[in-house]
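# Topology and contacts: notes
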Amino acid sequence: MRDRFLLRLFSYMLFLIGVTLISSCMAPRWLATPSASTTPRSDLRTAVTSLPKNPTSAQVAAYNACVDACLTSLLRKASLKEWQECEEWKGESIVIDGGSSELLQLDPRDFDEISIIRKPEGSDQVHHLVRHDGLGVPVVMKQNYRLEKASTKKLFPLNGRHLPATAVMDRDRSGRMVLRFHHTRNVERAEIAGHEHELAYDVSTPLHRSMGSKVLPNIALHGLINSDRYLDDTGIYLPDVYDPSKIPVVFVHGLKSDPHIWQNAMNEVLRDPVLRKKYQCWYFLYPTGLPVYASAAKLRRMLYIARDHYDPKHQNPQMNQMVLVGHSMGGLLSRMQTIDSEDEIYNAFFTRPLEDLALKPLTKTLIQDSMVFERVPFVKRTVFVASPHQGSSVAQVPVVRAFGLLVNPTNNLDAVTMDIRVNAHQDLHPELHKFRNMGCRSVQTLSPQHPILKSLQNRPMQVPCHSVIARMQKNRSLNETSDGVVAYWSSHLEQARSELVVNGTHGCTRLSEVSAEILRILRLHLNE
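Residues numbered from 1 in each chain as written. Predicted model: local features only at pLDDT ≥ 70, side-chain atom pairs only at ≥ 80, totals over all residues. Heavy atoms only, no water.

### Quick word on the overall build of the protein chain
Of regular secondary structure, the protein chain possesses 18 helices and 17 strands. Relative to its 528 residues, the protein chain shows a buried fraction of 54%. A separation threshold of at least 6 residues defines the contact pool for the protein chain, and within that pool the share at least 24 residues apart is 76%. If you sum the accessible surface of the protein chain, you get close to 23600 Å²; carbon and sulfur atoms cover 52% of it. (Helix = DSSP H or I, 4+ residues; strand = E, 2+ residues; numbered from the N terminus. Buried < 20%, exposed > 50% of the residue type's maximum accessible area, 1.4 Å probe, protein only. Contact = heavy atoms within 4.5 Å. Areas by Shrake-Rupley, 256 points an atom, 1.4 Å probe, with all protein chains shown as cover.)

Rendered as structure tokens:
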């Protein structure tokens, strides 16, 4: 009996040892390093000075453990704003090297928080984690949003900026220890101890913290129902530092949505070694209760603001190759950046010239800005994902129409519609009389009966465009299918350079086929 008990106990211990070994093998090497509390105090200088050109796994682990221990201690010691040019750790003088370019190296004193990545995040939102084993300790460096920061760093994300970096330790010429933070969106190798080494990095975790589904939890629904509340938040935002050597790709979300739907697509751009060096991902955030033409006008204005801020002389060739990627209603906003309206959009609303209407000057200005425009010249390609170019019949369903009435207009839009109702109601396009509020809600402008959609068909896009269309019904002809919200016939464009049909629903942006098609188009854009 006793021998049987000992045998079971011994078997159980072997099982626990096996599980531990398997877990340690599966974890990234930077996660397998000893914690700061178990790292010998005198190993830092030895780990750095003894690092050869081709270190063994044990040497990498020892080096990373020392960097982890030093960084953990410094972070506990003082806030980043209190860090001096030289800090002390276990008798060592640690020089804080801020670097000369934030595209390559980040200064910790410019940030509010640094967190060591103990476990990669975002695997539930992306198909692949973009990470690599190597030397150094991957971290997320966060700058909080502040009004004074936003005024000096335009297009700064509302939820702060989360940048990928890898902390490394090296010696300077005088023999002092130097702590650096390499910006690993752009840097994958660095010189350490006189040799160039591959860095450990994780760019998916910072992206997840910046774009995760819980980052902007209110903008989707509340931005639809109460657009006025979020109007000041409308803008183009850069999750990372602006890079003049890379082409901007601007992702535009759709109705009752927010930018997190593009997290997987952005992650895949970062995963591709070529596209990562050639493109930078931006996003347009806006409350979706405004009519399509009003939101398109805001996107147009923000595109010019971004260009004027980062390329004031309008000479950057990368800025001049911008790509827009729009989902659903965001596709319509993107389309309206590539056409010259002439009088087509205006005539979809009014039957008489603007100067003949008895409207207030402010009303005329807003109409002019949103309905009469020229294409944005530096936008050179568009990608439409499940976009209702000819509207969605869902917008005509009674319950959806009733929901549309809950959408509160902005103060400006309310004043404009009131002015038109009182002073130019007889001058409205006849089709608009079929809509409550003259069809001035976002949901209403998505109706196949709305004249603005018909007017868009008459204005050719002046850049290459591509369509990605989802369908739920696999066994029907394409013209009989839909994604549950938008029918194939509405998403289909004769002008499209390419069209990919995927099996899925309207919210198809996370599908691997959709991300792969976006990447294919971005590669094509580089070669044309």
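There's plenty left to go through after this.
### Quick word on the environment of Ser-295
For Ser-295, the position within the fold is in helix H10 (residues 292–310). Between the C-alpha atoms of Ser-295 and Leu-332, which are 37 residues apart in sequence, the distance is 9.7 Å. Ser-295 has contacts with Phe-284, Tyr-286, Pro-287, Leu-290 and Leu-333, leaving out every residue within four places of it along the chain.

### Topic: unusual backbone geometry
Even without being a glycine, Ser-328 presents a positive backbone phi close to 55 degrees. Here Ser-328 shows up in the loop between strand E14 (322–327) and helix H11 (329–335). The backbone of Ala-386 shows a phi angle near 50 degrees, a positive value even though the residue is not glycine. Structurally, the position occupied by Ala-386 is in the loop between strand E15 (379–385) and helix H14 (398–404).

### Some points on the nonpolar core
Ranked by internal contacts, the top residues of the largest apolar core, which has 61 residues, are Trp-282 and Leu-303. Ala-47, Cys-70, Ala-167 and Met-177 belong to the second largest nonpolar core, which has 40 residues in total. (Core = buried A, V, L, I, M, F, W, Y, C linked by side-chain atoms within 4.5 Å.)

### Focus: the sheet that holds E15
Pairing between the strands of a sheet is mediated by backbone hydrogen bonds and can be parallel or antiparallel. The mixed open sheet is built from 7 strands, whose spatial order is E11-E13-E12-E14-E15-E16-E17. The open sheet is flanked by strand E11 (235–237) and strand E17 (498–503), the only strands paired with a single partner. Sheet twist, expressed as the mean angle between neighbouring strand axes with direction ignored, is 20 degrees. Note that strand E16 (residues 465–471) and E17 share 6 bridges and pair parallel. Among the inter-strand pairings, Ile-469 is bridged to a residue of E17, identified as Val-501. (Pairing = 2+ DSSP bridges. Axes fitted to C-alpha atoms, helices over the stretch in contact; angles between N-to-C directions.)

### Describing the packing of aromatic side chains
One pass over the full model with this rule turns up 10 aromatic pairs. One aromatic cluster is present, formed by Tyr-242, Trp-282 and Tyr-310 through successive ring pairs. Sitting over the face of the ring of Tyr-201, Arg-276 holds its NZ or CZ atom 5.0 Å from the ring centroid. (Phe/Tyr/Trp six-rings, centres within 6.5 Å; stacked < 30°, edge-to-face > 60°. Lys NZ or Arg CZ within 6 Å of the ring centre and 35° of its normal.)

### Examining the side chain of Asp-419
Relative to the helices and strands, Asp-419 resides in helix H15 (residues 411–423). Buried and unpaired, Asp-419 has no salt bridge, with Lys-360 as the nearest side chain of opposite charge at 5.4 Å. Of the polar contacts made by the side chain of Asp-419, one reaches the backbone nitrogen of Lys-360; its length is 2.9 Å. A distance of 2.6 Å separates polar atoms of two side chains, one belonging to Asp-419 and the other to Asn-423. (Lys, Arg positive; Asp, Glu negative; His and termini not counted. Salt bridge = Lys/Arg side-chain N within 4 Å of Asp/Glu carboxyl O. Polar contact = N/O pair within 3.5 Å; in protein donor to acceptor, adjacent residues only side chain to side chain.)

### What to know about the pattern of salt bridges
Here the structure, examined in full by the defined rule, presents 25 salt bridges. The partner of Glu-431 in a salt bridge is Lys-434, and the shortest N-O contact between them spans 3.0 Å. Of the charged contacts in the structure, one is a salt bridge between Arg-497 and Glu-528, with a shortest N-O distance of 3.5 Å. With a gap of 31 residues between them, Arg-497 in the loop between helix H17 (488–491) and E17 and Glu-528 in the segment after helix H18 (512–527) connect regions that are remote in the sequence. Residue classification places Arg-497 among the exposed residues on the basis of a relative accessible area of 53%.

### Examining the environment of Leu-275
Note on placement: Leu-275 falls in helix H9 (residues 273–278). As a C-alpha pair, Leu-275 and Ile-247 span 28 residues in sequence and 9.6 Å in three-dimensional space.

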